[in-house]
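Below, each chain spelled out in residue letters.
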Amino acid sequence: MAAPKRVVIVGGGVAGSLLVKLLEDVADVTLIDPKDYFEVPYSSLRCLVEPSFAERSVITHSSYMKKSRLLMGSATDATRTEVTTDTGIKVPYEFLVICTGSEYLGPNSRVDRLDRYQKANRKLVESQGLLIIGGGPVGVELAGEIVSDFPTKKGEASTSITVQSHSSTSDL
Ligand SMILES: Cc1cc2nc3c(=O)[nH]c(=O)nc-3n(C[C@H](O)[C@H](O)[C@H](O)COP(=O)(O)OP(=O)(O)OC[C@H]3O[C@@H](n4cnc5c(N)ncnc54)[C@H](O)[C@@H]3O)c2cc1C
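This structure is a prediction, so every number in the text was calculated from the model and none was measured.

**Concerning the sheet that holds strand β1 (residues 6-10)**
Logical step 1: Across the sheet, which stays open at both edges, the four strands sit in the order β5-β2-β1-β9 with parallel pairing between neighbours. Of all strands in the sheet, those bounded by a partner on one side alone are β5 (69-72) and β9 (95-98). Recorded for the sheet is a direction-independent mean angle of 20° between the axes of neighbouring strands.
Logical step 2: The pairing of β1 with strand β2 (residues 28-33) spans five bridges and is classified as parallel. Across the sheet, the residue bridging to Arg6 is Asp28, located in β2.

In structure tokens, the structure reads:
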């Protein structure tokens, strides 16, 4: 029987992590990701108002990877036969899948990620008023999450949660 094909997946976000699960029974899979965890991105706004939610939506890669291997690091280069990481490791492949999504600025360990939600939540709890810059889907969803868990903040003044349509920034 032929040896399983070597598949290198770069990026352990939504696409990359799903692909690991789909392929690891039929291929020799290596996942390259700077983080030790996968996070459901759409849960991040809920995690801000309810940090314990992140216990379920931020999961270590090792908890769902059964046969494949995780190589922690960032891919910095690729030829037609191998990928190089920022630690200088070269990973050979027959198939390369690049799933790097958009830029990710979060911490690289699950523990630090959960801690960040706790800290952001503390700021939220202690705040008098909030300004959300960016009135697109994420800004509006965040406003909804906040007023649903902190109705008194909404009641303090109708202007305490303001959605403005400009650029966006976040503690997350
Ligand atoms: C708050 C929020 C709400 C959202 N709501 C929705 C929604 O309701 N519906 C919807 O369809 N979409 C939603 N999205 C968008 C959705 O999350 C993205 O479309 C999706 O995450 C894209 O998946 P991806 O795998 O392509 O990239 P990502 O999930 O961004 O994953 C990219 C991965 O690549 C890794 N990576 C990056 N560079 C390198 C490198 N050089 N080497 C190795 N690894 C690297 C990163 O660490 C990350 O793990 C939302 C996003 C956010 C932030």
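**A short note on the sheet that holds strand β7 (residues 82-85)**
Logical step 1: If you walk across this open sheet you meet the three strands as β6-β7-β8, and the pairing is antiparallel. In this open sheet, the two edge strands, each paired with only one partner strand, are β6 (75-78) and β8 (90-92). Strand-to-strand twist of the sheet, defined as the mean angle between neighbouring strand axes without regard to direction, takes the value 25°.

**Some remarks on the site of the ligand**
Logical step 1: With respect to spatial proximity, 23 residues lie near the ligand, and among them Gly11, Gly13, Ala15, Pro41 and Gly101 are the closest.
Logical step 2: Elements represented by at least two residues in the shell around the ligand include exactly α1 (14-23), β2 and α2 (44-49).
Logical step 3: With three residues, α1 is the single largest residue contributor to the shell around the ligand.

**Let's talk about α1**
Logical step 1: Listed in full, the buried residues belonging to α1 are Gly16, Ser17, Leu19 and Val20. Down the axis of α1, the buried side of the element spans an arc of 160°, and every buried residue falls inside it.
Logical step 2: Those residues of α1 that are buried lie in contact with β1, β2, β3 (37-39) and β9.

The rules behind each value
- Here the residue numbering is sequential within each chain, running from 1 through the sequence in written order.
- The model is predicted, so local features are restricted to residues of pLDDT at least 70 and side-chain atom pairs to those at 80 or more, both for listing and for counting; the totals for chains, interfaces and linings are taken over all residues.
- If DSSP finds at least two bridges between two strands, the strands pair.
- Under the scheme used here, helices are H or I runs from DSSP no shorter than 4 residues and strands are E runs no shorter than 2 residues, and both carry numbers assigned from the N terminus.
- Between the N-to-C directions of two axes lies an angle of 0 to 180 degrees, each axis being a line fitted to C-alpha atoms and, for a helix, fitted only over the stretch in contact.
- By convention here, the C-beta atom is placed from the backbone, and a residue is near a molecule or strand when that atom is within 6 Å of it.
- In this scheme the burial state of a residue depends on its C-beta neighbours within 10 Å: 20 or more other such atoms mean buried, 12 or fewer mean exposed, and anything in between means partly exposed; the C-beta positions come from the backbone.
- Arc, as used here, means the arc of the directions from the helix axis to the C-beta atoms.
- For the purpose of contact definition, each residue receives a C-beta atom placed from its backbone, and two residues are in contact when these atoms lie within 7 Å.

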